[in-house]
Structures are given as structure tokens and as C-alpha cells.
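# Architecture at a glance
Here is what each chain is made of, one letter per residue.
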Amino acid sequence: MNFRSASLRLALAAPLALALAACDETTDDTSGGELLEAIAAPEGTDWNSTVTISEEQGYVVGNPDAPLKLVEYASHTCPACASFAINGKPSLKEYIATGNVSFEQQEVFLNTFDVVIAGLAMCGPDERYQALSDEVWVNLGAVQQGLGRDQAGLQAANALELDQRFVRIAEVSGLLDFFAARGVSADQGRACLGDADAMQALVERVSTQASEVNIQGTPTFFLNGNRVEGISWDDIEPQLQRRGARPAAANAAAE
């Protein structure tokens, strides 16, 4: 069974035990480059507050025309993805601030909870999507406790039709309350998760895209279309620097 069909089945099946598979099959393009000059954001804006949607429907923070485009394929229930959000994102924002690096987040669904969390994160404004995702990762321990507290209720929810299934899972697991406390009201959440056609389309799109780029685990990173070896900020930052990127403070000092 290929990744697309397997992930589609898992995403629409009963909630599963949380799992993490580290990525493999990497290529490392370490071509050097001159130090990149900072690119100013439009007046009155900054790059870390600039959000666009890519052709692949990913949420991009930063200069959409940045010379270095970092893409992460991530699962919201993935501990290594949480580690990157906690330990890597603050430093990554310093690179995004220069206009030389953009960061795109793409979904990977390892289980039903990933689908529900993504649906709720996407239910808010585009500019809040990555922030809401980071809230899940920063609080992953507490979130996981909610996901495991009522297995009977979750199994019952899984037997419902799609227009009720994800809503009920969000209620039983505490995810609806978690997002309501962060600006996505319970009514908003129910409306988004209850749109069966939209949720089915989301699952199919995510599964297809993950299969097309051969995602074997999370997180998996691409830089300018090349798969990056490693899953941590310590793996990613050298790749950016080899291509001339520096954090904002270093760029300012060089001017």
C-alpha cells in the first residue's frame, strides 16, 4: 500500500496511537553562495507578519519571493515537529526577518487527530495558522493527554458520518476547547469541521501531496526544492548559512 492510500485510510479511520517516523531518502545540496543582502519588507509591514498561500496550498511566512524557500512537511502530533517549533522557530524568525528566507508549512496526516487539528488551525485567519500550529506543538504534552482521555468516546465518534465525526472528536478530545481559548470559537470550529466536503478534500489533497514528494515521516524539510538531511534546527541552519543567509542581527552588523 503506498503512502497516499495508507495515510488517507488512517486519516479517516479511528484515532490511532501517536507515532513518529524520522525522514529518510535525503539529498544535501550544499552549494555555496555569497552573503545575501537583506530585502526590506513593504513600508509598514514586516516579513514575519506576511503570510501568503503557495500554489501547493501551504501557508508561507515571509517574503514570498525570498531566494531561499524552506518548506516543512509536519504532523501536529509529531514530537520532533514540536521540538523544531520550540527550539528552531525563534531562530528561524531572525532569518525570515531579513527577507531572504521564507518558511512554508505543509500538512502530513498520520492519524485522525492531525486532520482535526489542521481543520481547526485553518479555521482561523491565514496569518494565525502557523501561530496556532505552534501553540499545539508548544503544548503537545497537554494536548496528548486530552487525545487519550476517552477512547470509548473517540471510537463512538469515529462511527459517525463525516459531517459529525471530526466535530465530535474535537469535542471529546478537548481540541475544540483548546482552540476556542486561542481565538477560534467553538461555533467556528464546529462549522469548519462539519463541512464534510471540505474536510474530505483536505485529507485527499494532503495525502496526494505527501505521496508526490515521497514523505516517509515527519518532519521532512525541503530547501529550494531539495530534500534536506535532518530534522532539527541544528541541521537546517547550516544549510541556510551555506547559501548566504544570516539572521537579522548579523545582517545589521554587516551593513
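Model, not experiment: these values are computed from the prediction. (Residues numbered from 1 in each chain as written. Predicted model: local features only at pLDDT ≥ 70, side-chain atom pairs only at ≥ 80, totals over all residues. Heavy atoms only, no water.)

As a further point, take the state of the cysteines. What makes a disulfide is a covalent bond joining the sulfur atoms belonging to two cysteines. With the rule as written, the count across this model stands at one disulfide. The partner cysteine of C123 in its disulfide is C192, sulfur to sulfur 2.0 Å. The sign of the 75 degrees torsion about the S-S bond sets the C123-C192 disulfide as right-handed. With C123 in the loop between α4 (112-121) and α5 (129-138) and C192 in helix α10 (residues 186-193), this pair connects stretches of sequence that are 69 residues apart. (Disulfide = S-S within 2.5 Å. Helix = DSSP H or I, 4+ residues; strand = E, 2+ residues; numbered from the N terminus.)

Here the focus is the packing of helix α2 (residues 79-87) against helix α3 (residues 89-96). For the pair α2 and α3, interaxial distance at closest approach is 4 Å and the crossing angle is 55 degrees. The orientation of α2 relative to α3 falls into the category oblique. Seen from α2, the contacting residues are F84, A85, I86 and N87; seen from α3, they are K89, P90 and L92. Taken together, the residues of the contact of α2 with α3 break down into five nonpolar, one polar and one charged. (Axes fitted to C-alpha atoms, helices over the stretch in contact; angles between N-to-C directions. Parallel < 35°, antiparallel > 145°, perpendicular 65-115°, else oblique. Contact = heavy atoms within 4.5 Å. Nonpolar A, V, L, I, M, F, W, Y, C, P; charged D, E, K, R; others polar.)

Counted by the stated rule, this structure contains seven aromatic pairs. Plain terms: the ring middles of F178 and F179 are 5.6 Å apart, the flat faces sit at 70 degrees to each other, and that makes the pair edge-to-face. The pair formed by F178 and F179 is uniform in burial state, with each residue classed as buried. Cluster of aromatic residues (ring-pair linked, three or more members): F84, Y95, F103, F221 and W233. If you follow R182 out to its NZ or CZ, it ends over the ring of F178, 3.7 Å from the centre. (Phe/Tyr/Trp six-rings, centres within 6.5 Å; stacked < 30°, edge-to-face > 60°. Buried < 20%, exposed > 50% of the residue type's maximum accessible area, 1.4 Å probe, protein only. Lys NZ or Arg CZ within 6 Å of the ring centre and 35° of its normal.)

Of all 10 residues in α5, seven are buried, a share of seventy percent or more. Listed in full, the buried residues belonging to α5 are Y129, Q130, L132, S133, D134, V136 and W137.

Another aspect to go through is the nonpolar core. In terms of nonpolar packing, the biggest core is built from 33 residues, with V116, L120, L175, F179 and L193 touching the most fellow members. Broken down by element, the residue count for this core peaks at seven residues, all from α4. Each residue touching F179, except ones within four places of it in the same chain, is listed here: I117, L120, A121, L132, V136 and V184. Among the nonpolar cores identified, the runner-up in size contains 17 residues, and V61, F103, L223 and I236 belong to it. (Core = buried A, V, L, I, M, F, W, Y, C linked by side-chain atoms within 4.5 Å.)

One can find A180 in helix α9 (residues 175-180). In this structure A180 comes out as partly exposed when scored by relative accessible area, which is 34%. Considering only alpha carbons, one finds A180 and L120, 60 residues apart in sequence, at a separation of 9.5 Å. Non-local contacts of A180, meaning those with residues more than four positions away in its chain, are made with S185 and A186.

Quick look at the confidence of the model for the chain now. A residue-level look at the chain finds 85% of positions with pLDDT of 70 or above and a mean pLDDT of 89. Every residue in residues 1-7 is under pLDDT 50, and counting partners more than four places away or in other chains gives 12 contacts. Scored below 50 in pLDDT, residues 16-31 shows 46 contacts in the model against residues more than four places distant or in partner chains. (pLDDT = per-residue confidence, 0-100.)

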